[in-house]
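# Results of the structural survey
Read off the chains here:
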Amino acid sequence: MRLNNLGVCVVMTALHGSVGTPINGTLYHHVLGEDGSSGPCRGSSATDKVESRHKGGLSQEDCESECTSDTNCVGYSYALDSEDGFCIIYGPGQDGLCTSHPSANILSHCGSCSVEDKSTQGECGECIIPDGSPVYAAASSYADNAGLCALRSGAWTPGSWTAGSWEQPSDGWGGDSHRTSHIHIVTPVAGYDCYDRDVADHLPRCTGTTDAGGSCAVRFAGESEGESE
C-alpha cells in the first residue's frame, strides 16, 4: 500500500512539474529564505511585494513557459496545491496598464489629484503642521499622507482624486500593482516556490560614461576597489 501511495504521489508531481525545482535550471534560480524554505517572491523585504499578474489552473511548465516567453518577466512563483496550480508572473508592467495616464506605472498612480505635485491617491491632500509641533525626524523617509500628517500633529485636508482608466492583464490573468519590479528574497509560505530569472537585477549597476568621458563601468569598479575618489 505504501508503494502504491508513493507511486501516485510521483505521478501527480510529474504532471505538474517538480515542486521546488525549476523546469529550466539554467535560466531560473530557486529562491530560498534563511530557514531553507521558499514562498512567494518579494523585493527587498518580506513585505515588499512585487508587481505581478496571477492565474490558477496552470502546471509549473505552463507557468515557467509564460515567464520565459515574456521579456518583462523577472521570475515567477508557483503553488501546486493552490487553485489547481497557482502561477504568479513578476516584472514591470505585469499588473496592467493605465490607458488614461501612460506615465503611471502602477494602479495607485493612475489618475490625477487636485493638489499640485501629488501623484498618488493616498498622497492626494495637504498637511498643515502648527508651529511648535514636535519634529518627526524620519518624516522625509515616508510619503506625505494623512497618517504621516497625524503623526506630526498636523491637519490633513483631502484633495480631489480623479481615477484614470486602468486595463487589467488579458486572458484571465489578474493584476497586483506595486512599486517594486525585481525579485530579491521570499516570504516563507508553505506550498509556494519562487524562481528568479535575473538574480542581479536588484544590485547596483553602472552604464554609460562619466563626466570626463570615461567608462562608467570602469569607474564604478575602481571605486568599489578603492582606486578612485
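Before reading on, note that the structure itself is shown above.
Report follows, based on the coordinates. (Residues numbered from 1 in each chain as written. Predicted model: local features only at pLDDT ≥ 70, side-chain atom pairs only at ≥ 80, totals over all residues. Heavy atoms only, no water.)

### Description of the side chain of Gln94
With respect to the helices and strands, Gln94 occurs in the loop between β5 (86-90) and β6 (97-98). Take Gln94: its relative accessible area is 4%, and that puts it in the buried class. A polar contact is formed between the side chain of Gln94 and the side chain of Arg53, at a distance of 2.6 Å. Once residues within four sequence positions are removed from consideration, Gln94 is found in contact with Glu51, Ser52, Arg53, Asp70, Asn72, Cys73, Ile89 and Pro169. (Helix = DSSP H or I, 4+ residues; strand = E, 2+ residues; numbered from the N terminus. Buried < 20%, exposed > 50% of the residue type's maximum accessible area, 1.4 Å probe, protein only. Polar contact = N/O pair within 3.5 Å; in protein donor to acceptor, adjacent residues only side chain to side chain. Contact = heavy atoms within 4.5 Å.)

### So, the pattern of salt bridges
Summed over the entire model, instances satisfying the criterion amount to 6 salt bridges. One salt bridge connects Arg53 with Glu66, and the closest N-O pair in it is separated by 3.1 Å. Note that Arg53 is positioned in strand β3 (residues 52-55) and Glu66 in helix α2 (residues 60-68), a separation of 13 residues in sequence. The class of Arg53 is buried, set by a relative accessible area of 7%. Residue class for Glu66 comes out partly exposed when judged on its relative accessible area of 27%. A single network of salt bridges, built from pairs that share partners, joins Arg53, Glu66 and Asp70. (Salt bridge = Lys/Arg side-chain N within 4 Å of Asp/Glu carboxyl O.)

### Points about α2
Those residues of α2 not exposed but buried are Gln60, Cys63, Glu64 and Cys67. One face of α2 carries all of its buried residues, which in axial projection span an arc of 90 degrees. (Arc of directions from axis to C-beta.)

### What about the packing of aromatic side chains?
With the rule as written, the count across this model stands at 2 aromatic pairs. Taking the centre distance of 5.4 Å and the plane angle of 80 degrees together, the rings of Tyr28 and Tyr76 count as edge-to-face. Here Tyr28 is found in the loop between α1 (2-16) and β1 (29-31), whereas its partner Tyr76 is found in strand β4 (residues 75-79), with 48 residues between them in sequence. On the basis of relative accessibility, which here comes to 4%, the residue Tyr28 falls in the buried class. By the ring-pair criterion, three or more aromatic residues cluster together here, those being Tyr28, Tyr76 and Tyr195. Seen from the ring of Trp173, Arg53 lies directly overhead, with NZ or CZ sitting 4.5 Å from the centre. (Phe/Tyr/Trp six-rings, centres within 6.5 Å; stacked < 30°, edge-to-face > 60°. Lys NZ or Arg CZ within 6 Å of the ring centre and 35° of its normal.)

### Digging into the sheet that holds β5
One open sheet holds the 6 strands; their spatial order is β1-β14-β4-β5-β3-β12, and the pairing between them is antiparallel. Looking at the sheet topology across the chains shown, the edges are occupied by β1 and β12 (174-176). Within the sheet, the average angular offset between the axes of one strand and its neighbour, ignoring direction, is 25 degrees. In the sheet, β3 pairs with β12 via 3 bridges, with the strands oriented antiparallel. Note that in β12 the partner of Arg53 across the bridge is Gly175. Along the sheet face, α2 touches β3, β4, β5 and β14 (192-196) and points at about 165 degrees away from the line of β4. (Pairing = 2+ DSSP bridges. Axes fitted to C-alpha atoms, helices over the stretch in contact; angles between N-to-C directions.)

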